[in-house]
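Understanding the architecture of this molecule
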Amino acid sequence: MAYFLELLISGALTGLMYALVALGFVLIYKSAGVPNLAQGALVMTAGYAVWLVMSWGLPVWAAIPVAAAIMFGFGLLVERVLLRRMVGQPIIMVVMLTLGLEILLRGLVPGILGSAPKPIDLGIGFAPIIIGDVFINRTSLYGGIAALVLVGAALAFFRTRLGTKLRAVSDDHVSSWAVGISVERAIGISWGLAGVAAVIAGALWGSSQGVDWTLSALLFPAVAVVILGGVDSIPGVLLGGILVGVAGTVIPGYLDSIAGGSTRDVVTSLIILLTIMIRPFGIFGREDIERI
């Protein structure tokens, strides 16, 4: 029973860590209406940014805001240099552009800053929290708390005047232009906010496993989270993250010894496939019905 409980808690906290990555995906989709397949590389780049700023001698409490400012600026640059040129193009081409950005960053950033894992010390410590017979990872616990805080902040943000404008841009670019909303500025802000969310995710995941190109692989479970929770649902990020994390931890915890390992990716893939087949708009996602 203690083993199952430990897997359950570990899976839920890992899922909330996935939610940190998925939040950037949802922020861009909810603000710009574009599926961002570069979010994994953004998290990796943000992790490198935190490590780089800390290598300058800044303490972690100062390095994270500086890295957040860098990533917000990078998000604005992506909109100005890449996405603005795609105005009027089919949405599939914009999606392919984000995929190309993912592949580019995955090779370019480690190539410049080094592919060896970079340590990030957030001062959390590695000693687990022990409750009875259950061991709880400290980084995952802090990551879960950070996910709850960021999701709450995102919900509050989309109730502001600026957040309302971003949601309007996501619904209809042309109508937003017609009422005087700067669509380009709104899309740039959404990418900047995704970059800020990526800093928190990159710092926490980087402190857990080191910063290298493998952080970009977090895109896979993050996609499962947003598909399950709903690509335009911020609360869905939390529920989807917990469900993906629990299923991806508990099931492999019992099956890996039988199957020889690597069942986590199979479980995540099944979650994606079954959700698309049964409820393609996710648990909390908005169902849009269009005439064909």
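The structure presented is a predicted model; accordingly, all values stated were derived computationally and were not measured.

Criteria and cut-off values
- Residues numbered from 1 in each chain as written.
- Predicted model: local features only at pLDDT ≥ 70, side-chain atom pairs only at ≥ 80, totals over all residues.
- Heavy atoms only, no water.
- Helix = DSSP H or I, 4+ residues; strand = E, 2+ residues; numbered from the N terminus.
- Buried < 20%, exposed > 50% of the residue type's maximum accessible area, 1.4 Å probe, protein only.
- Contact = heavy atoms within 4.5 Å.
- Expected span 1.5 Å × (residues − 1).
- Bend = angle between axes of the 7 residues up to and from the residue.
- Salt bridge = Lys/Arg side-chain N within 4 Å of Asp/Glu carboxyl O.
- Phe/Tyr/Trp six-rings, centres within 6.5 Å; stacked < 30°, edge-to-face > 60°.
- pLDDT = per-residue confidence, 0-100.

**Quick word on the environment of glycine 75**
Along the chain, glycine 75 falls in helix α3 (residues 60-81). Glycine 75 sits in the buried class, given a relative accessible area of 2%. On a C-alpha basis, the gap between glycine 75 and aspartate 121 in space is 25 Å, while along the polypeptide they are 46 residues apart. Aside from chain neighbours lying at most four places away, what touches glycine 75 is Gly188, Trp191 and Gly192.

**A look at helix α1 (residues 2-32)**
For α1, built from 31 residues, the straight-helix expectation of 45 Å at 1.5 Å per residue is met to within 8% by its first-to-last C-alpha distance of 45 Å. The largest bend in α1 is about 35 degrees, located at valine 21. Trailing α1 by a residue or two, glycine 33 shows a phi angle of about 75 degrees, which is positive.

**A word on the side chain of glutamine 39**
Looking at the secondary structure, you find glutamine 39 in helix α2 (residues 39-55). Look past the residues within four positions of glutamine 39 in its chain and what remains in contact with it is Val21, Gly24, Phe25, Ile28, Glu102, Ala194, Ala198 and Leu219.

**Some points on the pattern of salt bridges**
Considering all chains together, one arrives at two salt bridges under this definition. In this structure, glutamate 102 engages arginine 106 in a salt bridge whose closest nitrogen and oxygen atoms are separated by 2.8 Å. Taken together, the residues glutamate 102 and arginine 106, both in helix α4 (residues 91-113) and four residues apart, mark about one turn of the helix.

**So, the packing of aromatic side chains**
Taken as a whole and judged by the stated rule, the model has three aromatic pairs. Ring plane angle 80 degrees and centroid distance 5.5 Å describe the contact between tyrosine 3 and tyrosine 254, whose orientation is recorded as edge-to-face. Taken together, the residues tyrosine 3 in helix α1 and tyrosine 254 in helix α10 (residues 234-259) connect sequence positions 251 residues apart. Its relative accessible area of 44% is what places tyrosine 3 among the partly exposed residues. Ring geometry for tyrosine 18 against tryptophan 205: centres 5.8 Å apart, planes inclined by 10 degrees, an arrangement best described as stacked.

**So, the confidence of the model for the protein chain**
Predicted confidence across the protein chain gives a mean pLDDT of 88, with 97% of residues reaching 70 or more. Averaged pLDDT values over the elements of the protein chain bottom out at 71 in helix α7 (residues 173-178) and peak at 95 in α2.

**Some words on helix α8 (residues 183-209)**
Counted at 1.5 Å a residue, the expected span for α8 with its 27 residues is 39 Å, and the 38 Å between its end C-alpha atoms agrees. Most of α8 is tucked away: 20 of the 27 residues are buried. Directly after α8, the chain includes glycine 210, whose backbone phi takes a positive value near 85 degrees.

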